[in-house]
Amino acid sequence: GPRFVSPPSKGFLPAEINLRPISELCKSPPLPENVVEQVISGGGSKDGKKVFFSKRNNDGIVSAFTELVKVEATARHDAYLKHLEMHRKEIMALRKERGISASNLERRHRLVDL
């Protein structure tokens, strides 16, 4: 996750070392609306042309495909948010168990209903 159970103490490591959680290497998934737009517009193609559908395709097929892409992208985004919330709670509990401040983990509003 994006937070340390026990953040490294200052002076413990050389100043030139900047520890960051490995989870920062993983980007958060894009918003479902952006995914649909990218897929339909052919955002992944080199020439920027529509990749999946020609003008002759049935609108029903395009509509169904768009809906499926949006459902999957929404599920991925929601799972990511749920993971972040669960991680926050886990780190908060571990910090409290060790007597470490968890004030930077307190949230007024929950991201996801678990």
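Here is what the cut-offs are and how they apply
- Residues numbered from 1 in each chain as written.
- Predicted model: local features only at pLDDT ≥ 70, side-chain atom pairs only at ≥ 80, totals over all residues.
- Heavy atoms only, no water.
- Helix = DSSP H or I, 4+ residues; strand = E, 2+ residues; numbered from the N terminus.
- Buried < 20%, exposed > 50% of the residue type's maximum accessible area, 1.4 Å probe, protein only.
- Contact = heavy atoms within 4.5 Å.
- Areas by Shrake-Rupley, 256 points an atom, 1.4 Å probe, with all protein chains shown as cover.
- Arc of directions from axis to C-beta.
- Salt bridge = Lys/Arg side-chain N within 4 Å of Asp/Glu carboxyl O.
- Axes fitted to C-alpha atoms, helices over the stretch in contact; angles between N-to-C directions.
- Parallel < 35°, antiparallel > 145°, perpendicular 65-115°, else oblique.
- Left-handed = near helix turned anticlockwise from the far one by under 90°.
- Nonpolar A, V, L, I, M, F, W, Y, C, P; charged D, E, K, R; others polar.

**A closer look at the overall build of the protein**
Tallying secondary structure elements over the protein gives 2 helices and 0 strands in all. The 114 residues of the protein split such that 18% are buried. For the protein, long-range pairs separated by at least 24 residues make up 55% of all intrachain contacts whose partners lie at least 6 apart in sequence. Counting only carbon and sulfur atoms, one obtains 55% of the accessible surface of the protein, whose full area is about 9100 Å².

**Remarks on helix α1 (residues 32–41)**
One turn of the α-helix equals 3.6 residues, which is why residues spaced by three or four share an orientation. All buried positions along α1 are accounted for by Pro32, Val35 and Val36. Seen end-on, α1 carries its buried residues on one side only, within an arc spanning 95°. Along its buried surface, α1 packs onto α2 (59–98). A positive phi of about 75° marks Gly42, the residue just after α1.

**Here's the deal with the pattern of salt bridges**
Enumeration over the complete set of coordinates arrives at 2 salt bridges. Between Glu72 and Arg76 there is a salt bridge; the shortest N-O distance is 2.8 Å. Taken as a pair, Glu72 and Arg76 lie in helix α2 at a separation of 4 residues, close to a single helical turn. By relative accessible area, which is 45% here, Glu72 ends up partly exposed.

**A word on the side chain of His77**
Relative to the assigned elements, His77 resides in helix α2. Since its relative accessible area comes to 15%, His77 is described here as buried. When residues no more than four places from it in sequence are discounted, the contact partners of His77 are Pro29, Pro30, Leu31 and Pro32.

**Concerning the packing of α1 against α2**
The interhelical angle for the contact between α1 and α2, taken along N-to-C directions, is 140°, at an axis separation of 8 Å. If you check the angle between α1 and α2, you find them oblique. The interaxial crossing formed by α1 with α2 has right-handed handedness. Of α2, the residues touching α1 (which contributes Pro32, Glu33, Val35, Val36, Val39 and Ile40) are Phe65, Thr66, Val69, Lys70, Ala73, Thr74 and His77. Here the contact of α1 with α2 is built from residues that sort into 8 nonpolar, 3 polar and 2 charged.

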